[in-house]
Every structure is written in structure tokens, then in C-alpha cells.
Amino acid sequence: MKSSVWRTALVVIVAGCAISTIGFGIRAVFGLFLEPMTAARGWSRETFALAMALQNLLWGVALPFAGAMADRVGPVRVIILGALIYAVGVWGMSASETSFALYLTGGILTGTGVAFSAFSIALAAMARAVGPEKRSLVLGLGTAAGSFGQVLFSPIAQGFISAFGWHATLLVFAATTLAMIPLALLLPNDPSDPAASAAAGARAEQTLAQAMAEALAHRGYILLTVGFFVCGFHVAFITVHFPVYVTDLGMPPAVGAYAIALIGLFNIAGSFLSGMAGQYWSKKCGLSAIYAARAVCIFLLLVAPKNELTVYLFAGAMGILWLSTVPLTTGIVAQVFGVRYMATLFGLVFLSHQLGSFIGIWLGGRLYDNSGSYDGMWWAGIVAGVLAALVHLPINEKPLARLSAGTPAADHKPAAAEG
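Just so it is clear, the model here is predicted, and its values are computed rather than measured.

A. The arrangement of the environment of Gln 150 in detail. Note that Gln 150 resides in helix H7 (residues 132–164). Through-space distance from the C-alpha of Gln 150 to that of Thr 21 is 7.6 Å; in sequence the pair is 129 residues apart.

B. Quick peek at the packing of helix H14 (residues 283–303) against helix H16 (residues 325–337). Direction vectors running N to C along H14 and H16 enclose 155°, while the axes themselves pass 9 Å from each other. One element, H14, and the other, H16, form an angle in the roughly antiparallel class. In this structure, the crossing between H14 and H16 has a hand that is left-handed. Here Lys 283, Lys 284, Gly 286, Leu 287, Ile 290, Tyr 291 and Arg 294 of H14 come into contact with H16, specifically with Thr 325, Leu 328, Thr 329, Gly 331, Ile 332 and Gln 335. Of the residues that constitute the contact of H14 with H16, the class distribution is five nonpolar, five polar and three charged.

C. Focus on the environment of Phe 153. Checked against the element boundaries, Phe 153 lands in helix H7. For Phe 153 and Ala 257, which are 104 residues apart along the polypeptide, the C-alpha to C-alpha distance reads 9.6 Å. The contacts of Phe 153, once residues within four sequence positions are left out, are Thr 21, Ile 22, Gly 25, Ile 26, Val 29, Phe 173 and Thr 176.

Definitions and limits used
- Residues numbered from 1 in each chain as written.
- Predicted model: local features only at pLDDT ≥ 70, side-chain atom pairs only at ≥ 80, totals over all residues.
- Heavy atoms only, no water.
- Helix = DSSP H or I, 4+ residues; strand = E, 2+ residues; numbered from the N terminus.
- Axes fitted to C-alpha atoms, helices over the stretch in contact; angles between N-to-C directions.
- Parallel < 35°, antiparallel > 145°, perpendicular 65-115°, else oblique.
- Left-handed = near helix turned anticlockwise from the far one by under 90°.
- Contact = heavy atoms within 4.5 Å.
- Nonpolar A, V, L, I, M, F, W, Y, C, P; charged D, E, K, R; others polar.

If you want it as C-alpha cells, here you go:
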């Protein structure tokens, strides 16, 4: 199916941003349900944390398959399927009375739904809609839209929980995920459209198997994948555990909700600026700086006085650094390998991110239940940030020879030497 005349780049970008806002916004506020759900069901924090960890793990495991499907049949059917599974998962989460039911619905089903409606699939469609000179900026815009969802849904979730209870709030969110279905219909559904491929610099001759083999033989791709593990470790731990960490310090629950919203608010700027910077400066150096800065922010949180001002300052600083890794990471994938199989290749990188998310969420709950403190997780986040800053420095960002030479990937040896 060829792209319709009315399906302009602007329409695709707006639809992709709206999908990112809804899909990312809802899953970003699940941490606000930790305290009321565990109190109502008599669960430990580790029980809820394991469900959210499973959600992130399934998101990571399923995303390469969702990306491959989107690269093969287009994003529309994939996102519609994902929205339906997402809605069922959140609805089931509201009805869960046992830990196993929570693992199945809030963990496995919701995680799978998030993967198949993922903002990264929408980002790939947006990247194909513009030329290389605007790609990094558009990826930053789409990522910022996900952060706007965090800003939008955090106060809504806390307000609804306070007014109507956590059960009713989950039902509302389950219905809201279905809004992604009509938005998906605005996206082009032919990933191999000649005009889109030419504008994006993709190589239609390359097969998916060749693209994966090429990437896995590239040292820079492996280093990027390793580094993205740390991003997941940081972001997922903070998303799920920071609101309750704030209440543990004796502050009202609203402070935690506002902190999550502030993270999203400041990341709108962070993601957009990251995308702009990626157009002009080294993406790998930008990533290294972001991870190093995260380590500094966490250290300052530990040593600073524990009050609302500290919480808000940390949220704002971490917000700048929050998803600003995404436009640079996706930008490196697109810059080095092209965008024909961008959804698949980023999906594999993102699997590492979600393995980090699983560890961050589950380990945070486990350590808290055993020690009564999150301090061990914060120190682990500092060490991980420093290591990630170092890992990104050796990455080779240069496009592969086939992208400039105009020859199929099959004519080249694996690009390990170029990584």
C-alpha cells in the first residue's frame, strides 16, 4: 500500500508523537500504583516490582519481533495489535487479586502490548518520513513527545487515584490506550515504499538477515547495546521506586507524582536538545556525557539534604538526561546502518535496555525488602553511569561503506573492522 497524498511528513510526525505520548505516558506512571496496590492486596514491594520488571523484560524481548514485523508489513497493524494487548493487560492489572495474576497482566501482557505499540516503532515511521538532514531532530521530537506523556499522565494518575481509587484509574488508562488505534491509521504502512526509502537513504536490496548479521559484526553496535543496559537500569528503577522513595522520606505522595512529572517536563527539553545536538556534534560523545552526568546527579541526591527542593532539583536535572539518550542511540543506528531495518536493529539494542530495566526494578524491590533502604541501588546507579560513559567512547559513528557506495550489503564482508 503506497502512502496517501494526504499522509504528509507533518501528519506522520504528529501521529507518531501522539502515539508516543499515550503509550509512554501511561506506562511511565505505574510507579504511582505501587503503594496503593500493595496496601490493598497485601503484597510486598518486591511483588509489585517483579511485575513491573517482567513488564519491562517482555517489552524488551518482544520489541525485536515487533520491530521486524513493522519493518516487514508496516507499523499500522503492529501498533493496532499492540494497543489491544496493552489495553487488556492494564484492564487485567486492575482485576488482579493474586501475585500470579499481576505478573501475567501487569507484567507479561502489558509488556507485550507496550512492545507492539512502542514509541520506537512510531519513531522508525517518522524517521522514514524525512531526509537524513532532519532525522535526528525528528527523533528528538518523538522522544520528547513520550516525555510529554509522562508530564501529562503523572498528575492525572495521582489525581484520579486520590479521587476515584487506583482500580478505576487503571480502567480509565486501559480505555485510553485504545486511542492509539486511530492514530496508527495515519502512519504510512509500507516500509519499502520507494519514495520513503530514497528519502531515508535505505537499501531495499538488503535482507533482514543480512542487516542483523551486519550489525552484530559491528563493534560499535555491540558497545551501544551494552551501554543502553545502563539507561534501562537507571530509568526503570527511578520510574517505579522514586515515588515511594519520596514518601519513605516523609513527604506527601503528591511530591513523588510531581517529581515524575518534572522528569518528563524537563526531558521534553532534554530530548529535543539532544536531537538537535545530534545533528551537529558527535552522538557517542553526547551519550558519554549524559551517562556521566547521571552519575553526578545521583551522587548529589545521596549527599544533599532530603527535602522537597532536593527532590525537585534532582527530578529536573535527571529529566534533562532522561530519554535524551534515545535520539542519540537511535540516531547512531540510523546513521551507521540506514533506516530500512531501523525498527528491528533498535529493537535488539532496546532488549539490552529492558534487561537493565528488569534488574533495576526487581533488584530495587528486593534490596529494599531486605535492607529497608534504597541506598545500595543509588550507589549501583553511580557506578553503572561511569561505566556507560566509558563504553560509548570507542564507538565508530561513520556510516557503513554500502550507504555511500550504493552497493548491496551482500557484496560486503561483515563490518567488524569498521566498528
